[in-house]
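Here is how the chains run, residue by residue.
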Amino acid sequence: MLAYTLGLILFLGALTILAVASGWGLPYFLITQGLDWLRFNPWESIIMAGALLLLGLLLFIRPRTSTDNSFRTSLKGGDVRISQDALQEIITRSAKGLPGVLQVGTSLRQREAGLEIIVFCQFEQGVVIPQISEEILKKVKEDVELYTGIIVAEVKVLVRRLEKVRPVRVR
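Overview of the structure. For clarity, every value in this text was computed on a predicted model and none was experimentally measured.

1. Quick notes on the overall build of the protein
So, step 1. A count of helices and strands for the protein gives five helices and five strands.
So, step 2. Of the regular secondary structure in the protein, the N- to C-terminal order runs α-α-α-β-β-α-β-β-α-β.
So, step 3. In terms of overall size, the protein is more extended than a compact globule, its C-alpha atoms giving a radius of gyration of 29 Å where 171 residues would be expected to give roughly 16 Å.
So, step 4. With respect to the principal axes defined by its C-alpha atoms, the protein has extents near 80 × 55 × 30 Å.
So, step 5. Sequence-distant contacts in the protein: of pairs separated by 6 or more residues, those separated by 24 or more amount to 50%.
So, step 6. When the accessible surface of the protein is totalled, it reaches about 13100 Å², and 63% of it is carbon and sulfur.
So, step 7. Taking the average location of the 20 positive side-chain charges in the protein and that of its 16 negative ones, the two points are 6 Å from each other.

2. Observations regarding the pairing of strand β4 (residues 115-124)
So, step 1. For β4, a buried count of nine out of 10 residues is recorded, marking the element as mostly surrounded by other parts of the structure.
So, step 2. Counted along the chain from strand β3 (residues 101-110) to the antiparallel partner β4, the turn is four residues long, and its residue Gly114 has a positive phi close to 145°.
So, step 3. Bridge analysis of β4 against strand β5 (residues 152-163) gives 10 bridges, and the strand direction is parallel. For Val119, the partnering residue across the bridge sits in β5 and is Val157.
So, step 4. Note on the crossover from β4 through helix α5 (residues 129-148) to β5: the handedness is right-handed.

3. As for the packing of aromatic side chains
So, step 1. Per the counting criterion, the structure on display carries zero aromatic pairs.
So, step 2. Residue placement shows Arg160 over the ring face of Phe120; its charged tip is 4.2 Å from the ring centre.

4. Quick word on a nonpolar patch on the surface
So, step 1. Residues Ile31, Leu35, Trp37, Leu38, Met48, Leu52 and Leu55 make up a contiguous nonpolar surface patch of about 670 Å² in total accessible area.
So, step 2. Every element with two or more residues in the nonpolar patch is listed here: α2 (26-40) and α3 (42-61).
So, step 3. Counting residues per element, the nonpolar patch draws most heavily on α2, which supplies four residues.
So, step 4. In this structure, Trp37 sits in helix α2.
So, step 5. A relative accessible area of 39% places Trp37 in the partly exposed class.

5. Quick look at the pattern of salt bridges
So, step 1. The full count for this structure, using the stated rule, is seven salt bridges.
So, step 2. Here Lys156 makes a salt bridge to Glu116, at a shortest N to O gap of 3.9 Å. Of this pair, Lys156 sits in strand β5 while Glu116 sits in strand β4; the two residues are 40 residues apart in sequence, bridging distant segments of the chain.
So, step 3. The exposure class of Lys156 is partly exposed, given its relative accessible area of 35%.
So, step 4. The class for Glu116 is buried, based on a relative accessible area of 7%.
So, step 5. Counted as one network, the salt bridges with shared partners bring together Arg109, Arg111, Glu116 and Lys156.

Parameters and conventions
- Residues numbered from 1 in each chain as written.
- Predicted model: local features only at pLDDT ≥ 70, side-chain atom pairs only at ≥ 80, totals over all residues.
- Heavy atoms only, no water.
- Helix = DSSP H or I, 4+ residues; strand = E, 2+ residues; numbered from the N terminus.
- Rg over C-alpha atoms; globule rule 2.2 N^0.38 Å.
- Contact = heavy atoms within 4.5 Å.
- Areas by Shrake-Rupley, 256 points an atom, 1.4 Å probe, with all protein chains shown as cover.
- Lys, Arg positive; Asp, Glu negative; His and termini not counted.
- Charge placed at Lys NZ, Arg CZ, Asp CG, Glu CD.
- Buried < 20%, exposed > 50% of the residue type's maximum accessible area, 1.4 Å probe, protein only.
- Pairing = 2+ DSSP bridges.
- Right-handed = clockwise from strand over helix to strand, strands pointing away.
- Phe/Tyr/Trp six-rings, centres within 6.5 Å; stacked < 30°, edge-to-face > 60°.
- Lys NZ or Arg CZ within 6 Å of the ring centre and 35° of its normal.
- Patch = residues over 30% accessible without salt bridge, like charges linked within 9 Å, V, L, I, M, F, W, Y side chains within 5 Å.
- Salt bridge = Lys/Arg side-chain N within 4 Å of Asp/Glu carboxyl O.

This is the structure in structure tokens:
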């Protein structure tokens, strides 16, 4: 938000300088009128300056939202956090290790009951979709729970495409 506000102020300042430099008198006239008004109305100017100072302070002091993209698992000695990227890598390797799986994408959500995993897949043409999907469900759940200790509440498989496998040409 602060970056957008600062960007808008800089953009408007640049347009004003460009307009004045090109000979257009209106921005210069409006700026001088505004400065005269501020000089001849001290109470209104003080109130306006105070409001702008408070708004600026609120932008810097406001509580920051956490952008922590990690998942926690508890051990006897404390907590372990595993990044979303590491979890996605485990899921991708688990699914791609199965025959007929060409590409894998993932989406993760933390739920009260555990982790919800959505696996987006592209299969080779000719695979039995229910069978390979069942294998992905089991393998992903087993691997994530084994390697991370995070409880998996649900795994969903979304088949995006089937692709015909092209034979590799060797010259």
